[in-house]
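A look at the structure
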Amino acid sequence: MDQSQANAKVVVDGNTFELPVIIGTEGERGIDISKLRSLTNYVTFDHGFGNTSNCASAITFLDGESGVLRYRGYPIEQLAEQSSFIETAYLLIYGELPNSDQLRHFSESFTEHSMLHEDMKNFFDGYPSTAHPMAILASMVCSLSAYYPGIDMLNPTKEDFDRIVVMLMSKVRTIVAFAHKKSLGQPFVYPRHDLEYIPNFLNMLFSSPTHQYKIYDEVVQALKVLFILHADHEQNCSTSTVRLVGSSWANLYASITAGICALWGPLHGGANEEVIMMLEQMYREGGDVDKYISMAKDKSSRFRLMGFGHRVYKSYDPRAKIIKKSAHDLLKKLGIHDPLLEIAVKLEEKALADPYFIERNLYPNVDFYSGIIYKAIGIPMNMFTVMFAIARLPGWIAHWKEMMESPGAKIGRPRQIYVGMNKRDYVPITKR
Ligand code: SDX
């Protein structure tokens, strides 16, 4: 990040103040307002932080206008095609692609940490079979801190951090798989040491004492692509939440739990589940997409076209492009005909030709087609968002690490503009 020669000038109350301009490695420019309040006694106001950077980050670059997304400089198109989820996770967290020894050690450590403490199995006895998996995931991840010591935030060590990275990434699979088995009333299937990350997860999800799930390469490949594409996305709602919670030196388990909860919202990671529910409703009504496009344009309704629109992408989300093709390929290879995919394609075509969506640069986002793949694999709809959480975990961890290591890291504490009542005296209840 360079300090530009140019400065920004702010004129308030007739006085002119110069503020430094910073330039990122891709030419993004920011006005550094760190001293604005002390200089002018003004703060900024930016509803939803659409114009505000909360940090300088070297992890992910995205250009919403051009539909560009890179992890540590590598285009996601290349990573999705040539990398693995574990390798991409290593890249995001540690900044460079691992060599073969580093990758082998990283992958082997997932095996070592894949089990949950046996006492943690008892937690599942307390949940009803109808518990939403995101509720279970959030509480179980936070509870890991009760069984596995965290990082001493006053004396953090690389060894502790490295240990917790693999524990979190490895155990979330086990937690999600156990939650799925709990919902089915089936016995838990334990992780195996002879299976890699995604096949191990699929086996825990779908095998049982009476049935050995057959792991198809096509399914592993489709899930690998989905996990890589969901692995990070710079300062989205849940990642900024992880950074903000971590800025108080809350431990990594607590910070990740906060990210899981933020992701759950239907405007964020919960959208993938909402998309399928929306498509199924359209299917039940004979595929009438026009009705839903009209509803989405009707300001008097809270209805939104789920899986459409994005705060940053004002062009086609590059991830949606890859996921759409992956969905077509997987259904073809598995010989599945899913009418929801046809409805989704029809809906996209109609919306992209509609002035309302064109004027607002509303395109399919990462959530629009991902549920089609999860459904084809046999993932229940209420587990779509925990799949997003498993995939986003390396991104959350990478940002927590970057925030902790950034020089002069401060606790996040935004200001506000107060618009409440002015000073008034207490009125005893006898006089109200
Ligand atoms: C993710 O931030 C990230 O990077 C997130 C994510 C990641 O990887 O972490 O990419 C993952 O969360 C993807 C988004 C998933 N959510 C959805 O698909 C839910 C549906 N989408 C919308 O709710 C909305 O598009 C958001 C939440 C995604 C973005 O909202 P913004 O940036 O606040 O946009 P906005 O609400 O200001 O919308 C601008 C206009 C408004 O109309 P006007 O007031 O100008 O008339 O566009 C309209 C909105 O009403 N609009 C939509 C719409 N999305 C925006 N209208 C109908 N359907 C939609 N989906």
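Residues numbered from 1 in each chain as written. Predicted model: local features only at pLDDT ≥ 70, side-chain atom pairs only at ≥ 80, totals over all residues. Heavy atoms only, no water.

Structural notes on the site of the ligand
Among the 24 residues in the neighbourhood of the ligand, the closest are listed as His233, His310, Arg311, Arg319 and Arg392. Note that an oxygen atom of the ligand is positioned 2.8 Å from one of the backbone N or O atoms of glycine 307. Measuring from an oxygen atom of the ligand, one finds a side-chain N or O atom of arginine 360 at 3.2 Å. In isolation the ligand offers 1000 Å² of accessible surface; the protein chains occlude 78% of this area. Lining the shell around the ligand are residues from two domains, each supplying at least three of them: domain 2 (76–268 + 393–405) and domain 3 (276–377). (Near = heavy atom within 4 Å. Polar contact = N/O pair within 3.5 Å; in protein donor to acceptor, adjacent residues only side chain to side chain. Areas by Shrake-Rupley, 256 points an atom, 1.4 Å probe, with all protein chains shown as cover. Domains from an automatic or database assignment.)

A short note on the sheet that holds strand 5 (residues 68–71)
The strands making up a sheet associate through hydrogen bonds between their backbones, and the pairing can be parallel or antiparallel. Read across the open sheet, the three strands follow the order 4-5-6; overall the sheet is antiparallel. Unpaired on one side and paired on the other, strand 4 (60–63) and strand 6 (74–75) mark the two borders of the sheet. (Pairing = 2+ DSSP bridges. Helix = DSSP H or I, 4+ residues; strand = E, 2+ residues; numbered from the N terminus.)

Points about the domain arrangement of the chain
Domains assigned within the chain are domain 1 (2–63), domain 2 (76–268 + 393–405) and domain 3 (276–377). One C-alpha centre belongs to domain 2, the other to domain 3; they are set 27 Å apart. At the interface, 15 residues of domain 2 touch 17 residues of domain 3. A combined buried area of about 1500 Å² lies between domain 2 and domain 3, and 77% of that area is made up of carbon and sulfur atoms. Considering only the surface of domain 2 that becomes buried against domain 3, Leu226, Leu229 and His233 emerge as the three largest contributors, covering 33% of it. Linking domain 2 with domain 3 are zero salt bridges, by the criterion used here. At the surface where domain 2 touches domain 3, the tally comes to two residue pairs in polar contact (both at pLDDT 80 or more). Those elements that place two or more of their residues in the side of domain 2 that touches domain 3 are helix 2 (76–82), helix 8 (197–206) and helix 9 (217–230). (Contact = heavy atoms within 4.5 Å. Buried area = accessible area lost by both parts, 1.4 Å probe. Salt bridge = Lys/Arg side-chain N within 4 Å of Asp/Glu carboxyl O.)

What about helix 12 (residues 271–284)?
The end-to-end C-alpha separation of helix 12 is 20 Å, in line with the 20 Å expected for 14 residues at 1.5 Å each. In the segment just after helix 12, glycine 286 is the residue with positive phi, at about 85 degrees. (Expected span 1.5 Å × (residues − 1).)

Quick look at the pairing of strand 5
Across the two faces of strand 5 the burial differs, with Leu69 and Tyr71 buried and Val68 and Arg70 not buried at all. Adjacent in sequence and paired antiparallel, strand 4 and strand 5 are bridged by four residues, among which glycine 67 carries a positive phi angle near 70 degrees. Relative to strand 6, strand 5 runs antiparallel, the two sharing two bridges. In the strand pairing of strand 6, arginine 70 is matched with proline 75. Once strand 5 ends, the chain turns through two residues before running back antiparallel as strand 6, passing arginine 72 with a positive phi of about 50 degrees. (Buried < 20%, exposed > 50% of the residue type's maximum accessible area, 1.4 Å probe, protein only.)

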